[in-house]
Every structure is written in structure tokens, then in C-alpha cells.
Amino acid sequence: MKQSQRLDQLIQQLSDGEFHSGQSLGEQLNISRAAVNQHIHKLEELGLELFSVSGKGYKLSQQLELLDKEKIKQATEHFTNEPDFAVYSVVDSSNDELKLLAQEQKLAAGYSVFAEAQTAGRGRRGKRWISPFGSNLYFSVYWPLAEGIHGAMGLSLAVGVALAECFGSLGIEGVGLKWPNDVYIKGKKVSGILVDLETLADGSAHSIIGIGINLKMPESVAQHIDQAWTDISSEIPTIMSRNLIAARVRDSVLACLSEYDAAGLSVFQERWRAYDQFLDKPVRLVMGQRECVGTCRGIDENGALLVQDETGVKRYFGGEISLRLQQ
Ligand code: BTN
């Protein structure tokens, strides 16, 4: 048995949140107690919070609801028409995993992967995306770009709208969008989108749309996040199954991607405005060493940010811009 399979088994055993002795875990996994101890350290490295009490054994700080393909399927409306998806345990990055899959086989539009943890989760502008095991959602979708890569900016904005609408439908209040595609709740970041683009030798192009959603961020890793953040479990009015949230997010994203393909970004412009947390507010744009100030006026039909200054409304485009509220 591979080490990764042993880790999965160990997590499965511990997921009930109860104490398990080192001896019983060793017997289940067919390994020594010392090896159990080593595996427990690996789980801690993956961001799981564990207690170890002599005479009692090991226990997760809280019960885990592991992602389960069947449960996600059952919770997905109209699943028969939707593309397939996979659930992985530990990956480097779900975007990179899906990119490899796309090189190996022909994927249907909307084929997606979920991962329980990422050891090299990537955020925008070269940042790391903190991806502890079993507590959040890390999700990537394969989407061909029939019009080439210039449609990609609009696409990522449409996905932002999909997430905001999904969170709103879960009863969460204070959901907001920040251009180009960060999702906030009451001014704190809850979700981010990273779109990787690939153009192939035959001229066709596709995107890998990576979505990270904080569901229940463990205290132990939260200290590494360098901005104001929140998670769904702190904001949602009722406790909700992780698999159900995964299904709802996937449903919402796939629906918006199809809508975007059929009608472009114009159908999302008004919907974006409903969530735009900087709309009509004084903003500052940071582009490397350069800075611009003005009033945010939403987005245009191509997904460019509109900022009004004394000379008129200007359009800003491109992933390296950081948008901030003027203090
Ligand atoms: C951001 O910086 O706001 C974008 C974060 C995107 C994180 C997600 S998690 C799933 C996918 N895999 C990655 O490595 N990154 C994206």
C-alpha cells in the first residue's frame, strides 16, 4: 500500500472526531505504533489539528466531513446533464492536477476536480493559497475557450458572480465582489479564483478555473493568511454539509459558464453591480510602481474595470492590478 493511501485510511479512521489508540490505528493500517506516530505528523503538516493524550491515543480537534463523490452527485440538481468530476485527496494544486489530466485525455467542458488538501495551492499574483486538509473547498474546472484566450477575463468575472449568487442563495448576508474576482463577506475575503490559460499547437485554447473557498479554516493555519478573511461556517445561518456546499458551488459555476458561453458577459454586468463592493466608491489602483485614483464605476462588457477620474471614465484590464478602497 502506498503511503498516501495509508494517510487516507488514517484520516478516514480519525474523521469521527473520537479518540483512537495508537495500537488500534496500527492494527487497522498494518503498521507499527512508531509508524502511526510518523503518519500523525504528516497529517499535522497537512493542516489537520490533532490531540494526542497518553492512555487515550489520537483525536482530531473536530469531526471531519470528507468529500464524497456520491454525496455530491446526489445533491446536484439535474446531474444527468452535467459533466463528470473527480475527488482527490492530497494534490499539489487542483489546477495543476487538472492541467495534467487535460494533457492526457480529452475532457468534457465543465469536467472538474475537488481536492481535500493542496500542498502547493496557488493564489493570484504569485501568492500561496493556504489549503489545509478537509476543511475548505479547492475546486478546478476545465473550460474550453472557443473564442480564444481574450474571452478569459469575462469568464473569470462570470465565475465570481456564480459564487456570490451561490453564497447569497445559502442565506449568507453581506456577500460582495471585488474586481477582478475575489469574493468577500462583510468586507472579508472568503473565496478567490485563479484562471490558468493554455493555448495548444492546433490553435485551440482552454482555461482551468481554480476556485478556493474558505469553509472552516483551522486556527492553526489561519495565522499564515495575510489579509482580512472569513469562512462560510462563520457566516452561514444554518449548519450545512460540506458535500452539499460543494454540489451547490459546482452547479452554480457550471450554470454561469454555460450562460457566459451563450450570451457573453453582458448578462452578468448588472448581476456584478448587485455585488460590487466598491461600486461608486473612491478607489486606488496599484499597478507595480504606478498608482491611479478615481471612483469605481463597475465593469464593461469585456470585464474591464471602469474608474472615473477628472478626465473621464478609464478602462483597466489585466491580472497584475490590485484594487483598493481609498482610505
Ligand atoms: C486568489 O489569489 O484569490 C486565487 C485563489 C485561488 C485558489 C484556488 S484553490 C483551487 C485552485 N488550485 C490552486 O492552486 N489555486 C486555485
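Every value quoted in this text rests on a predicted model; they were computed, and no experiment measured them.

1. Describing the pattern of salt bridges
Point 1. Enumeration according to the criterion identifies 17 salt bridges in this entry.
Point 2. Here Lys189 ties to Asp182 by a salt bridge, and the two come within 3.1 Å at their closest N and O atoms. There is no split in this pair, since Lys189 and Asp182 are both buried.
Point 3. Here the residues in one salt-bridge network are Asp96, Lys99, Arg122 and Asp196, joined through shared partners.

2. Some thoughts on the packing of helix α6 (residues 152-169) against helix α9 (residues 242-263)
Point 1. It is the contact of α6 with α9, at a shortest axis distance of 8 Å, that shows an interaxial angle of 140°. The pairing of α6 with α9 is recorded here as oblique in orientation. You can see that α6 and α9 cross each other, and the crossing is right-handed. Counting all contacts with α6, which are made through Gly154, Leu155, Ala158, Val159, Ala162, Leu163, Glu165, Cys166, Phe167 and Ser169, the residues of α9 involved are Arg248, Val249, Ser252, Val253, Cys256, Leu257 and Tyr260.
Point 2. The residue makeup of the contact of α6 with α9, split by class, is 12 nonpolar, 3 polar and 2 charged.

3. Quick notes on helix α3 (residues 33-45)
An α-helical segment advances 3.6 residues per turn. Residues three or four places apart therefore align on the same side.
Point 1. For α3, spanning 13 residues, the distance from its first C-alpha to its last is 19 Å, which sits close to the expected 18 Å at 1.5 Å a residue.
Point 2. When α3 is considered as a whole, its buried residues turn out to be Ala35, Val36, His39, Ile40 and Leu43. Projected down its long axis, α3 shows its buried positions confined to an angular sector of 145°, all on one face. Among the exposed residues of α3, those pointing more than 90 degrees away from its buried face are Ala34, Gln38 and Glu45.
Point 3. Close packing links the buried residues of α3 with α1 (3-14), α2 (22-29), β1 (50-53) and β2 (57-60).
Point 4. The first or second residue beyond α3 is Gly47, which carries a positive phi of 95°.

4. So, the packing of α9 against helix α10 (residues 266-275)
Point 1. With their axes 8 Å apart at the nearest point, α9 and α10 run at an angle of 130° to one another. When the axes of α9 and α10 are compared, the pair comes out oblique. Of the residues in α10, those in contact with Cys256, Glu259, Tyr260 and Ala263 of α9 are Ser266, Val267, Phe268 and Arg271.
Point 2. Residues belonging to the contact of α9 with α10 are distributed by class as follows: 5 nonpolar, 1 polar and 2 charged.

5. Points about the site of the ligand
Point 1. Around the ligand sit 19 residues, and of these Ser93, Gln118, Arg122, Arg124 and Lys189 come closest.
Point 2. Side-chain polar atom of Ser93 to an oxygen atom of the ligand: 2.8 Å apart, as the coordinates give it.
Point 3. Arg122 places a polar main-chain atom, nitrogen or oxygen, 2.7 Å from a nitrogen atom of the ligand.
Point 4. Out of a free accessible area of 410 Å², the ligand has 98% covered by protein chains.

6. Remarks on the environment of Gly174
Point 1. Along the chain, the position of Gly174 falls in the loop between α6 and β6 (175-178).
Point 2. Distance in space between the C-alpha atoms of Gly174 and Lys186 is 4.8 Å, their sequence separation being 12 residues.
Point 3. Once residues lying within four places of it in the same chain are set aside, the contact partners of Gly174 are Tyr184, Ile185 and Lys186.

7. Looking at the domain arrangement of the protein chain
Point 1. Entries for the protein chain in the domain assignment read domain 1 (3-60), domain 2 (69-274) and domain 3 (278-325).
Point 2. One C-alpha centre belongs to domain 2, the other to domain 3; they are set 24 Å apart.
Point 3. In this complex, domain 2 contributes 11 residues to the contact, which on the side of domain 3 involves 18 residues.
Point 4. For the pairing of domain 2 and domain 3, the buried interface totals around 1300 Å² over both sides, and the portion due to carbon and sulfur atoms is 61%.

The rules behind these values
Residues numbered from 1 in each chain as written. Predicted model: local features only at pLDDT ≥ 70, side-chain atom pairs only at ≥ 80, totals over all residues. Heavy atoms only, no water. Salt bridge = Lys/Arg side-chain N within 4 Å of Asp/Glu carboxyl O. Buried < 20%, exposed > 50% of the residue type's maximum accessible area, 1.4 Å probe, protein only. Axes fitted to C-alpha atoms, helices over the stretch in contact; angles between N-to-C directions. Helix = DSSP H or I, 4+ residues; strand = E, 2+ residues; numbered from the N terminus. Parallel < 35°, antiparallel > 145°, perpendicular 65-115°, else oblique. Left-handed = near helix turned anticlockwise from the far one by under 90°. Contact = heavy atoms within 4.5 Å. Nonpolar A, V, L, I, M, F, W, Y, C, P; charged D, E, K, R; others polar. Expected span 1.5 Å × (residues − 1). Arc of directions from axis to C-beta. Near = heavy atom within 4 Å. Polar contact = N/O pair within 3.5 Å; in protein donor to acceptor, adjacent residues only side chain to side chain. Areas by Shrake-Rupley, 256 points an atom, 1.4 Å probe, with all protein chains shown as cover. Domains from an automatic or database assignment. Buried area = accessible area lost by both parts, 1.4 Å probe.

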